[in-house]
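# Results of the structural survey
Residue strings, one per chain:
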Amino acid sequence: MRVIVVGAGEVGFHTAERLALEGHDVVVVEHSRQALRSVEERLNVMALEGNGAEARVLEEAGIGECGLFIAVTDVDEVNLVACLLAKEYGVPVKIARVRSVAYTGRGAVLNAEKLGIELLINPLEAVAQDLINIASHAAAVEVAEFAGGRILFVGYPITPDSPVAGLTLAEIGELRTMYPFVVAAITRHGRTLIPRGDDRVEPDDHVFLVMRQKDLAAVRYMFGLEKRQTRRIFVFGGGSVGQRVAEHFEHKRAEVTLVEPDRDRCEELARRANRATVINADITEVDVLLSEGIGKADVVVATTPNEEKNILASLLAKRHGARRALCVVDRPAYVGLVPSLGIDACISPRLSTASAILKYVRRGGVLNVATVEENQAEVLELRIPEAFAWARRPLREIPFPDGAIVGAALRGDRAFIPTGDTTLDPGDRIVVFALPEAVVAVEDFFGTS
Amino acid sequence: MNLLEFLPRERILPHLKARDKEGVLAELVEVLVAEHKVRDGRQAVQVLLDRERLGSTGIGEGIAIPHGKLRDLDELVAVFGRSPEGVEFDSMDGAPVHLFFLLMAPENSASTHLKALARISRLLKDRSFREELLQAGSQEELYEIIAREDEKY
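Before going into details, it helps to say that this report is about the structure given with it. Bear in mind the structure is a predicted one, so any value in this text is a computation, not a measurement.

The rules behind the values
- Residues numbered from 1 in each chain as written.
- Chains lettered and ligands numbered in written order.
- Predicted model: local features only at pLDDT ≥ 70, side-chain atom pairs only at ≥ 80, totals over all residues.
- Heavy atoms only, no water.
- Helix = DSSP H or I, 4+ residues; strand = E, 2+ residues; numbered from the N terminus.
- Buried < 20%, exposed > 50% of the residue type's maximum accessible area, 1.4 Å probe, protein only.
- Contact = heavy atoms within 4.5 Å.
- Core = buried A, V, L, I, M, F, W, Y, C linked by side-chain atoms within 4.5 Å.
- Expected span 1.5 Å × (residues − 1).
- Pairing = 2+ DSSP bridges.
- Axes fitted to C-alpha atoms, helices over the stretch in contact; angles between N-to-C directions.
- Buried area = accessible area lost by both parts, 1.4 Å probe.
- Salt bridge = Lys/Arg side-chain N within 4 Å of Asp/Glu carboxyl O.
- Polar contact = N/O pair within 3.5 Å; in protein donor to acceptor, adjacent residues only side chain to side chain.

On to the environment of Ser314 of chain A. Residues and elements named next belong to chain A. By the secondary structure assignment, Ser314 is in helix H13 (residues 307-319). A relative accessible area of 0% means that Ser314 is categorised as buried. Each C-alpha atom, one on Ser314 and one on Cys66, is 46 Å from the other, the two residues being 248 residues apart in sequence. With sequence-adjacent residues up to four places away left out, Ser314 is seen in contact with Ala302, Ala325, Leu326, Cys327 and Ile343.

See the structure below:
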């Protein structure tokens with residue numbers, strides 16, 4: 001497939017490199033001669049000098065045969081205009097990196113859908129959003145949205161006193177009329193399994209559910225989480241991610257304490273804050289944090305650029321009574337380490353951005369992807385193609401790949417949880433959970449690879 | 001887990017009088033208040049209404065399983081009520097509800113509450129069981145039908 005990558009910065013370079021390695025015919029468009037030279041020297045792609053937001057340049061890049069268009073320059077507007085041009089040329093999949101929350105924030109006047117661009121990626125926004133999702137779903141270890149937010153994938157840790165501890169999957173299934181969701185997976189002792197009817201939910205499991213957004217309150221009730229809310233939150237680090245998280249919870253009328261070591265930045269944050277308390281302190285200064293009430297925090301979110309400090313501060317906060325701690329960690333070795341330390345969740349900007357683009361790209365028909373617990377498994381949103389061999393056959397009769405399960409579906413505007421009688425029709429969007437070894441089989445099955 | 005462990009004969013009501021959601025919940029809870037199982041009936045009804053707000057427990061086919069958790073409750077308790085006329089209950093299929101299984105559990109009941117709910121849902125999937133419950137005459141007859149079905153699984 002012809003792939004055009006506009007912008008040869010870090011993300012563009014990396015993406016082009018990976019796609020070329022996978023055998024795609026990649027053209028990199030870049031206006032800086034220096035950046036282009038490095039592409040020419042190090043990558044097996046065609047390098048084209050010019051402005052990717054100009055039709056003439058795109059035609060030269062072969063936009064007519066382009067199957068995938070990725071615009072990741074430093075300038076949002078260039079990326080958006082380039083994608084809009086690509087749309088005019090009929091490119092089926094367009095991806096733009098945008099840093100401004102004006103396009104990706106909630107209630108954006110122009111969003112991906114309106115622009116007709118399949119995916120808008122804002123790296124910091126993606127990180128902030130992941131943190132917000134997990135922090136606000138009290139007790140959730142993992143949250144991902146699908147079908148425009150109408151379908152959720154949520155992971156809950158099971159405590160010994162959880163109402164679902166000890167229930168079999170069959171019993172949970174009996175409750176599906178009142179509590180409609182699919183248990184997509186259970187992680188137990190570091191292993192991920194797709195449970196069957198006689199499997200039982202056990203304490204210390206992480207249980208991963210696919211449900212409709214509108215059933216979230218009922219499901220939280222069933223799991224005994226209805227009274228747990230995020231009321232007191234500490235945000236460590238007042239960079240753009242920390243600020244975004246703090247602002248979100250200010251709007252939600254939570255009690256927000258923002259801790260930032262830099263004095264000037266603190267003053268700016270204090271000026272912009274509505275109700276949040278801004279503290280000028282190092283995030284590991286336990287005495288200061290204790291006097292600010294860290295011991296009563298429902299959640300601590302560590303977002304400073306110093307990942308070791310994020311980990312340390314999260315551990316200290318938990319030691320002194322904070323209920324949950326989430327932290328931003330970028331180094332892959334740390335990402336694997338953090339859960340074993342007792343930190344509740346970690347988010348990696350590099351992982352989430354780079355892999356978001358690449359995963360989206362690798363599969364033509366995949367609409368959205370989330371990875372679970374250090375990439376052990378994936379949740380895919382796919383569209384059922386016109387030529388789907390098993391269309392209009394009940395799900396129970398379909399030889400669905402082992403290691404994968406259909407969690408939810410969207411037909412038109414209606415999200416639903418499938419049963420054995422459900423049929424999958426062309427045009428339906430479905431959310432599938434797949435263990436790593438089953439991902440390729442799922443793609444083949446739906447003809448999206 | 002058997003249904004009759006927490007549903008004794010005297011908590012089976014063949015003729016519910018109430019004609020609306022709140023009324024029917026109050027009528028079912030009243031049995032528990034009279035038995036001194038529940039102290040504050042109004043609070044219990046409120047707990048049930050709060051739960052209904054998250055999504056109706058009217059699961060279709062004329063059945064509802066209203067349920068909730070109460071702090072000052074010693075054990076899991078159920079009440080069965082039948083409304084010959086049917087009650088509007090915002091059911092999933094939009095049809096009026098004739099058969100009500102009310103379930104109330106102590107706040108810290110862990111999984112027993114859900115296990116009981118699953119048990120009730122499972123029994124009620126049987127169409128002939130539902131038909132029998134609708135056709136039966138007296139409290140005694142209803143009790144016998146439930147007991148028989150309860151022993152099957």
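Back to the text.
The next thing to look at is the nonpolar core. Core analysis: the biggest nonpolar cluster contains 80 residues, and Phe181 and Phe223 of chain A together with Phe101 and Leu133 of chain B have the highest contact counts within it. For this core, the leading source of residues is helix H3 (residues 112-124) of chain B, giving seven residues. When residues no more than four places from it in sequence are discounted, the contact partners of Phe101 of chain B are Leu3, Leu7, Ala64, Ile65, Pro66, Val79, Phe80, Ile120, Leu124, Leu133 and Ile146 of chain B. Listed in part, the 26 residues of the second largest apolar core include Leu16, Ala18, Leu32 and Phe89 of chain B.

Quick look at helix H10 (residues 240-251) of chain A now. All names here are of chain A. The end-to-end C-alpha distance of H10 is 16 Å, a good match for the 16 Å that 12 residues give at a rise of 1.5 Å each. With nine of 12 residues buried, H10 lies mostly within the body of the structure. Where H10 is concerned, the buried positions are Val241, Gly242, Gln243, Arg244, Val245, Ala246, His248, Phe249 and Glu250. Taken together, the buried residues of H10 touch helix H5 (101-104), helix H7 (123-136), strand E12 (232-236), strand E13 (255-260) and helix H11 (263-272). Where H10 ends, the next residue or the one after it, Arg253, has phi of about 60 degrees, a positive value.

To continue, consider the sheet that holds strand E14 (residues 277-280) of chain A. All names here are of chain A. If you walk across this open sheet you meet the six strands as E14-E13-E12-E15-E16-E17, and the pairing is parallel. Edge strands, defined here as strands with exactly one partner in the open sheet, are E14 and strand E17 (345-347). For this sheet the average axis-to-axis angle between neighbouring strands, irrespective of direction, equals 15 degrees. Sheet strands touched by H7: strand E15 (299-302), strand E16 (324-328) and E17. Its angle to E16, the strand with the most contacts, is close to 170 degrees. Sheet strands in contact with H13 are E12, E15 and E16, and its direction is about 180 degrees off that of E16.

For interface size, the figure often reported is the accessible area lost on association. At the interface, 20 residues of chain B touch 21 residues of chain A. In this assembly, chain B packs against chain A so that about 1700 Å² is buried in total across both faces, 60% of it on carbon and sulfur atoms. Of all residues in chain B, Leu54, Leu114 and Lys115 of chain B give up the largest surface area on contact with chain A, accounting jointly for 33% of the area buried on that side. Our enumeration of links across chain B and chain A arrives at two salt bridges. Note that Lys115 of chain B and Glu171 of chain A form a salt bridge whose closest N and O atoms lie 3.1 Å from each other. Run the count over chain B and chain A and you get six residue pairs in polar contact (both at pLDDT 80 or more). Looking at the side of chain B that touches chain A, the elements that each hand over two or more residues are strand E4 (67-70) and H3 of chain B. Top element by residues in the side of chain B that touches chain A is H3 of chain B. It accounts for seven residues.

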